[in-house]
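Take a look at the letters that make up each chain.
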Amino acid sequence: MISIQLKRIYDEASHEDGFRILVDRVWPRGVSKERAQIDMWLKEVGPSPKLRKWFDHDPAKFERFKQLYLKELEHDAEKQEALDQLRTYDQEYEHNITLVFAAKEQQYNHVVILKELIL
């Protein structure tokens, strides 16, 4: 059975990660493409810059952020296409999938919402 994992880009890549997909809109600071070991970069699925800056990983804003982010995913064709692509990988890929992100905050961020949507 395929599993979807979440992992910071600053953590060491491992064989268990399987197919690594960066789901941040902006490339993480200080990480080379070689070190990142990313198989795909789906920057379109990340929250808009305006929403990301407003949220700023504040746990008190998470529920509202989730509502606004889901609305973005639903109403933005580019984001919807990227989300559909993630769902396709979940259904067709034979190995684990790891959604890779840069944020220090691991509980209150968009990748938690993406994993929930995919599953």
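Up top is the structure.
Everything numeric here is computed off the predicted structure, so don't read it as measured data.

Draft legend 1. Just the overall build of the protein chain, in detail. A tally of helices and strands in the protein chain yields five helices and four strands. When the elements of the protein chain are put in sequence order from the N terminus, they spell out β-β-α-β-α-α-α-β-α. Computed over the C-alpha atoms, the radius of gyration of the protein chain is 14 Å, within 12% of the 14 Å expected from 2.2 N^0.38 for a compact globule of 119 residues. For the protein chain, with 119 residues in total, the buried portion stands at 39%. Considering only intrachain contacts with a sequence separation of at least 6, the fraction spanning at least 24 residues in the protein chain is 64%. Taken as a whole, the protein chain presents about 7200 Å² of accessible surface, with 47% of it coming from carbon and sulfur. Taking the average place of the 19 positive charges on the side chains of the protein chain and the average place of its 22 negative ones, the gap between the two points comes to 8 Å.

Draft legend 2. Local environment of the pattern of salt bridges. Summed over the entire model, instances satisfying the criterion amount to four salt bridges. With a shortest N-O distance of 3.1 Å, Asp17 and Lys7 are connected by a salt bridge. Pair noted here: Asp17 is in the loop between β1 (4-8) and β2 (19-22) and Lys7 is in strand β1, with a separation of ten residues, a long-range link. Judged by relative accessible area, which is 2%, Asp17 ranks as buried. What makes Lys7 buried here is its relative accessible area of 15%. Salt-bridge contacts for Lys66 lead to Glu116; the nearest nitrogen and oxygen are separated by 3.0 Å.

Draft legend 3. Inspection of the nonpolar core at higher detail. Counting 24 residues, the largest nonpolar core has Ile21, Val23, Val45, Tyr69, Leu86, Leu99 and Leu114 as its most contacted members. Within the residue set of this core, elements represented by two or more residues are β2, α2 (49-55), α3 (62-75), α4 (77-92), β4 (97-101) and α5 (110-118). Every residue in contact with Val23, bar those within four places of it in the chain, is listed here: Leu42, Val45, Gly46, Leu86, Leu99, Val100, His110, Val111 and Leu114. Of all hydrophobic cores here, the second largest spans six residues; its members include Leu22, Ala36, Val100 and Ala102.

Draft legend 4. Molecular detail of α5. Those residues of α5 that fall on the buried side of the exposure criterion are His110, Val111, Ile113, Leu114 and Ile118. Viewed along the axis of α5, the buried residues span an arc of 155°, placing them on a single side of the element. Regarding α5, its N-cap is Asn109, as a side-chain oxygen of that residue lies 2.9 Å from the backbone nitrogen of Val111 further along.

Draft legend 5. Local environment of unusual backbone geometry. Despite not being glycine, Asp56 shows a phi value in the positive range, around 50°. Summarising the element assignment, Asp56 is placed in the loop between α2 and α3. At His57, a residue that is not glycine, the phi angle is positive and equals roughly 55°. Here His57 shows up in the loop between α2 and α3.

Draft legend 6. Here's a closer look at the environment of Thr88. In this fold, Thr88 is placed in helix α4. Along the primary structure Thr88 and Ile118 are separated by 30 residues, whereas in three dimensions their C-alpha atoms are 9.3 Å apart.

The rules behind these values
- Residues numbered from 1 in each chain as written.
- Predicted model: local features only at pLDDT ≥ 70, side-chain atom pairs only at ≥ 80, totals over all residues.
- Heavy atoms only, no water.
- Helix = DSSP H or I, 4+ residues; strand = E, 2+ residues; numbered from the N terminus.
- Rg over C-alpha atoms; globule rule 2.2 N^0.38 Å.
- Buried < 20%, exposed > 50% of the residue type's maximum accessible area, 1.4 Å probe, protein only.
- Contact = heavy atoms within 4.5 Å.
- Areas by Shrake-Rupley, 256 points an atom, 1.4 Å probe, with all protein chains shown as cover.
- Lys, Arg positive; Asp, Glu negative; His and termini not counted.
- Charge placed at Lys NZ, Arg CZ, Asp CG, Glu CD.
- Salt bridge = Lys/Arg side-chain N within 4 Å of Asp/Glu carboxyl O.
- Core = buried A, V, L, I, M, F, W, Y, C linked by side-chain atoms within 4.5 Å.
- Arc of directions from axis to C-beta.
- Polar contact = N/O pair within 3.5 Å; in protein donor to acceptor, adjacent residues only side chain to side chain.

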